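# Coordinate analysis (summary)
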Amino acid sequence: MRHEAGLAAFTVSLDPKDLLTDNIKQNKIGEIIENQPLRYPEDGTGKREYHTFTRGWIANEVFRRVDPEGRTIGEWVRQELCTPLEIACFIGLKGEELDRRELGVEVGLGQMLLESLKPKGADKKIEFSFFGFCRKFMKLMPFFRKVAAIKPTAFTDMHGLAVFNEDRVAKCETPSANTHSNARSLAKLASVMATGGSFGATRILGDAGWQALHSNETSAIMGISQVVFTQGGVSAFHAHQPDFDEFQTAFNVGREGFFGWTGYGGSVFQWHPEHQIGFGYVPTSLFGFDILNERAKAYQAEVLKCVRAMG
């Protein structure tokens, strides 16, 4: 769960139809996983490598084998989270749900440049300067080259991340990278985690499970910097330390005390147990170059300022 399984990418692209709930239960994905060789980073940084899609596929195979009813993660989320919490959070869309979603649109470099040239005080559509990004991007080049070199693609006929707007992918279960929700629902779900696993009279996670999920924080290099994961695979964010590099500082400072995940393009699903805060942020304008999710962090930092001001 800490992205150290040696299965960051499979040797074959998956057909999305094999990721439909009924086909997962026929072990379509399990058979593929059984035949995967373990591969670890060759740069000497250790075992940790971001399992973007594969972590969810592997977790689903484990989950459905231990669930007493043999459910997939997608089925469990619908029954045990969406219904009692009255939230919209789906892993694998069905029927009319496909028409309810907003499609993601990536912000390109050209748009970044045009927005950056607007004078101070103008109605800019981006938070970051193109020129400041270029400086940071040069330091990230080794990381992007490595990501671009991953073959084959996660899905068959996958041409860029616009594939997630396609119905064939939206309907499949990829728990680590293909959840459809909204900020209010994610914030409510995060509040469950922030309060030890319950919301009102609804208990989702027991004390022992909650403690285990957040325990045994381990820091290791992943991609460009040190990243902290608990044994449950949850990111843990800490106050600035003297040995933080530029990227650790950008990733952590402003999120001190939060646990949870950030997503491609700017989305954030995190919780703060000390202050009992659940936080959800879901843009449809995807700023993929902001790999540290600093856009949402600006809002998280403001939330923390308000809490501290209240004493």
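Analysis parameters
- Per chain, the residues get numbers from 1 upward, laid out in the order the sequence is written.
- Residues qualify for local features only when their pLDDT is at least 70, as the model is predicted, and side-chain atom pairs are given and counted only at 80 or more; totals for whole chains, interfaces and linings, by contrast, use all residues.
- Based on all heavy atoms of the structure, the side-chain values leave hydrogens and waters out of the count.
- Buried, partly exposed and exposed residues are distinguished by accessible area as a fraction of the type maximum, computed with a 1.4 Å probe on protein chains only: under 20%, between the cut-offs, and over 50%, respectively.
- Strands here are runs of E lasting at least two residues and helices are runs of H or I lasting at least four, both read from the DSSP assignment and numbered beginning at the N terminus.
- Following DSSP output, two strands are said to pair if at least two bridges run between them.
- Working definition: rings of Phe, Tyr and Trp (its six-membered ring) pair if their centres are within 6.5 Å, and the pair is stacked with planes under 30 degrees apart, edge-to-face with planes over 60 apart, and tilted otherwise.
- Comment: the charge-over-ring label is applied if NZ (Lys) or CZ (Arg) is within 6 Å of the ring centre and within 35 degrees of the ring normal.
- Here the nonpolar core consists of buried residues drawn from Ala, Val, Leu, Ile, Met, Phe, Trp, Tyr and Cys, with membership extended through side-chain atoms lying within 4.5 Å.
- The criterion used for residue contact is that any of the two residues' heavy atoms lie within 4.5 Å.
- The salt bridge definition used is simple: a Lys or Arg side-chain nitrogen within 4 Å of an Asp or Glu carboxyl oxygen.

## Remarks on the pairing of strand E10 (residues 268-272)
Taken across its five residues, E10 has five buried, putting it largely inside the fold. Because side chains alternate across E10, one face comprises the buried residues Val-268, Gln-270 and His-272, and the other comprises Phe-269 and Trp-271, equally buried. Direction of pairing for strand E9 (residues 259-262) relative to E10: antiparallel, over a ladder of four bridges. Across the sheet, residue Trp-261 finds its bridge partner in E10, namely Phe-269. Summarising the sheet, E10 and strand E11 (residues 277-281) pair through five bridges and their orientation is antiparallel. When the sheet's bridge partners are listed, Trp-271 is paired in E11 with Gly-278. Here E10 folds back onto E11, and the loop between the two strands holds four residues, one of which, Gln-276, carries a positive phi near 55 degrees.

## A look at the packing of aromatic side chains
As enumerated under the stated definition, the model contains 13 aromatic pairs in all. Here Phe-53 and Phe-164 contribute two aromatic rings whose centre-to-centre distance is 5.9 Å and whose plane-to-plane angle is 20 degrees, an arrangement assigned as stacked. Highlighted residues: Phe-53 in the loop between helix H2 (28-34) and helix H3 (54-66) and Phe-164 in the loop between helix H7 (130-148) and helix H8 (167-170), separated in sequence by 111 residues. Considered together, Phe-53 and Phe-164 belong to a single accessibility category, that of buried residues. Taking 5.8 Å as the distance between ring centres and 65 degrees as the angle between the ring planes, the aromatic pair formed by Trp-261 and Trp-271 counts as edge-to-face. Of this pair, Trp-261 sits in strand E9 while Trp-271 is found in strand E10, placing the two residues 10 residues apart along the sequence. Residue Trp-261 is classed as partly exposed on the basis of its relative accessible area, which comes to 28%. Residue classification places Trp-271 among the buried residues on the basis of a relative accessible area of 1%. Grouped by ring-pair contacts, the aromatic residues Phe-10, Phe-53, Trp-57, Phe-155 and Phe-164 constitute a single cluster. Above the plane of the ring of Phe-237 lies Arg-255, whose end atom (NZ or CZ) is 5.7 Å from the centre.

## Observations regarding the pairing of E9
Bridge analysis of strand E8 (residues 235-236) against E9 gives two bridges, and the strand direction is antiparallel. Residue pairing across strands places Ala-236 opposite Phe-259, the latter belonging to E9. Between E9 and E10, which follow one another and run antiparallel, lie five residues, and Gly-265 among them has a positive phi close to 90 degrees.

## What about the nonpolar core?
In this structure, Val-77 and Trp-271 are the most contacted members of the largest nonpolar core, which totals 26 residues. Those elements that place two or more of their residues in this core are helix H4 (73-85), strand E1 (89-91), helix H9 (183-194) and E10. The element that contributes the greatest number of residues to this core is H9, accounting for six residues. Apart from residues no more than four positions distant in its own chain, Trp-271 is found in contact with Ala-190, Met-193, Ala-194, His-214, Val-234, Gly-257, Phe-258, Phe-259, Gly-260, Trp-261 and Ile-277. Within the second largest apolar cluster, 17 residues are counted, among which are Leu-14, Ile-29, Ala-154 and Phe-155.

## Details of the pattern of salt bridges
Taken as a whole, this structure holds 13 salt bridges when the rule is applied. Close ionic contact of Arg-71 with Asp-67 constitutes a salt bridge, the shortest N to O distance being 3.1 Å. Across the pair, exposure class does not vary: Arg-71 and Asp-67 are buried alike. Among the residues examined, Arg-71 registers a relative accessible area of 7% and is labelled buried. Where salt bridges share partners, they join Asp-67, Glu-69, Arg-71 and Glu-80 into one cluster.

## Points about unusual backbone geometry
The phi dihedral of His-3 falls on the positive side, at around 65 degrees, and the residue is not glycine. When you line up the elements, His-3 lands in the segment before helix H1 (21-25). Judged by its relative accessible area of 3%, His-3 is buried. Phi at Asp-157 takes a positive value of approximately 55 degrees, unusual for a residue other than glycine.

## Comments concerning the environment of Glu-69
Checked against the element boundaries, Glu-69 lands in the loop between H3 and H4. Given the relative accessible area of 57%, Glu-69 is considered exposed. C-alpha of Glu-69 to C-alpha of Gly-209: the two residues are 140 residues apart in sequence and 19 Å apart in space.

## Focus: the environment of Phe-199
Here Phe-199 lies in strand E4 (residues 198-199). Put simply, Phe-199 and Lys-188 are 11 residues apart on the chain and 8.5 Å apart in space, counted from C-alpha to C-alpha. Setting aside its immediate chain neighbours within four residues, Phe-199 contacts Leu-85, Lys-188, Ser-191 and Val-192.

The quantities given are spatial measurements derived from coordinates; they are silent on function.
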